[in-house]
Amino acid sequence: MVYIKDLVPAASNNINTQFILLDKGMPTKEGPERVCLALVADETAAVHFQFWGGECDAFEKGDIIHLRNGIFSFHKGKLLLRAGKRGKIEKIGEFTMLFVETPNLSEITWSPDPADPTRYVQGAILSPHSQLFPPLP
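Keep in mind that what you see is a predicted model, and the values were worked out from it rather than measured.

Rules behind the numbers
- Residues numbered from 1 in each chain as written.
- Predicted model: local features only at pLDDT ≥ 70, side-chain atom pairs only at ≥ 80, totals over all residues.
- Heavy atoms only, no water.
- Helix = DSSP H or I, 4+ residues; strand = E, 2+ residues; numbered from the N terminus.
- Contact = heavy atoms within 4.5 Å.
- Areas by Shrake-Rupley, 256 points an atom, 1.4 Å probe, with all protein chains shown as cover.
- Phe/Tyr/Trp six-rings, centres within 6.5 Å; stacked < 30°, edge-to-face > 60°.
- Buried < 20%, exposed > 50% of the residue type's maximum accessible area, 1.4 Å probe, protein only.
- pLDDT = per-residue confidence, 0-100.
- Salt bridge = Lys/Arg side-chain N within 4 Å of Asp/Glu carboxyl O.
- Polar contact = N/O pair within 3.5 Å; in protein donor to acceptor, adjacent residues only side chain to side chain.
- Core = buried A, V, L, I, M, F, W, Y, C linked by side-chain atoms within 4.5 Å.

### So, the overall build of the chain
Then, number 1: Within the chain, the secondary structure is distributed over 1 helix and 9 strands.
Then, number 2: In the chain, the succession of α and β elements from N to C terminus is β-β-β-β-α-β-β-β-β-β.
Then, number 3: Put simply, of all contacts in the chain between residues at least 6 apart along the chain, 62% involve residues at least 24 apart.
Then, number 4: Counting every atom, the chain has about 7,400 Å² of accessible surface; 56% of that belongs to carbon and sulfur.

As structure tokens, this is what we get:
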């Protein structure tokens, strides 16, 4: 199980983690599929998560979610955590999980590692909190 703070962009479905759903945007259309962005977090960091299709309705604020074989990668220019085609998400509880809203890994610039261009390293912090979802009071 990996903590959100340890995520690094990659084009592979190998992320196993759990988090709490803090906020969820309205569904939009992406081709024939409905998608919605959400803010999720664990005790180490936050990140934007993308739900697809029926997942948009299946999860609510406060749900604790386990992600198996997820992917943290760029999708249409945005860095998102998502289940992808091979991953699976499942509700494992609700409301009882410690979390932090900062740093938000989706609000950090990433660039190829000069020593290994197949890997990414963190760059500048665009915002300490999500620019899509305001911080909780």
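### A short note on the environment of Ile4
Then, number 1: As for its placement among the helices and strands, Ile4 is situated in the segment before strand E1 (15–24).
Then, number 2: It is 8.3 Å that separates the C-alpha atoms of Ile4 and Glu43, two residues lying 39 residues apart in sequence.
Then, number 3: Those residues within four positions of Ile4 in sequence are excluded, and the remaining contacts are Phe19, Val40, Ala41, Asp42, Thr44, Ala45, Ala46, Val47 and Leu105.

### Here's the deal with the packing of aromatic side chains
Then, number 1: Following the criterion strictly, the structure yields 3 aromatic pairs and no others.
Then, number 2: Their ring planes at 20° and their centres at 5.4 Å tell us that Phe51 and Phe59 sit as a pair that is stacked. For the pair formed by Phe51 and Phe59, the shared burial category is buried.
Then, number 3: Among the aromatic residues, ring-to-ring pairing joins Phe19, Phe49, Phe51 and Phe59 into one connected group.

### Some thoughts on the confidence of the model for the chain
Then, number 1: Taken as a whole, the chain shows an average pLDDT of 83; of its residues, 86% reach a score of 70 or greater.
Then, number 2: Looking across the chain, the model is least confident in strand E9 (residues 116–125), with a mean pLDDT of 69, and most confident in E1, with 93.

### A short note on the pattern of salt bridges
In a structure, side chains of opposite charge can pair up when their charged atoms sit close to one another.
Then, number 1: Under the criterion given, the structure shown has 7 salt bridges.
Then, number 2: Its salt-bridge partner being Arg34, residue Asp57 comes within 2.7 Å of it at the nearest N-O pair. Of this pair, Asp57 sits in helix H1 (residues 55–58) while Arg34 sits in strand E3 (residues 33–41), and the two are 23 residues apart along the sequence.
Then, number 3: In this structure Arg34 comes out as partly exposed when scored by relative accessible area, which is 28%.
Then, number 4: Between Arg68 and Glu90 there is a salt bridge, with its nearest N and O atoms 3.2 Å apart. Within this pair, whereas Arg68 is found in strand E5 (residues 63–75), its partner Glu90 is found in strand E7 (residues 88–94), the two being separated by 22 residues in sequence.
Then, number 5: Residue Arg68 is classed as partly exposed on the basis of its relative accessible area, which comes to 31%.
Then, number 6: Each of Asp63, Lys91 and Glu94 takes part in a single network of salt bridges with overlapping partners.

### Structural notes on the environment of Asn16
Then, number 1: Along the polypeptide, Asn16 turns up in strand E1.
Then, number 2: Along the primary structure Asn16 and Met1 are separated by 15 residues, whereas in three dimensions their C-alpha atoms are 5.2 Å apart.
Then, number 3: The residues contacting Asn16, other than those within four sequence positions of it, are Met1, Val2, Leu67, Arg68 and Asn69.
Then, number 4: Engagement of the side chain of Asn16 in a polar contact is seen with the backbone nitrogen of Asn69, the distance being 2.9 Å.

### Focus on the nonpolar core
Then, number 1: Residues Phe19, Phe49, Phe51, Leu67, Phe72, Leu81 and Ile89 are the most contacted members of the largest nonpolar core, which totals 24 residues.
Then, number 2: Elements that contribute at least two residues to this core include exactly E1, E3, strand E4 (46–52), E5, strand E6 (78–82) and strand E8 (108–113).
Then, number 3: Formed by 7 residues, the second largest nonpolar core is a distinct cluster that contains Leu22, Ala41, Ile64 and Met97.

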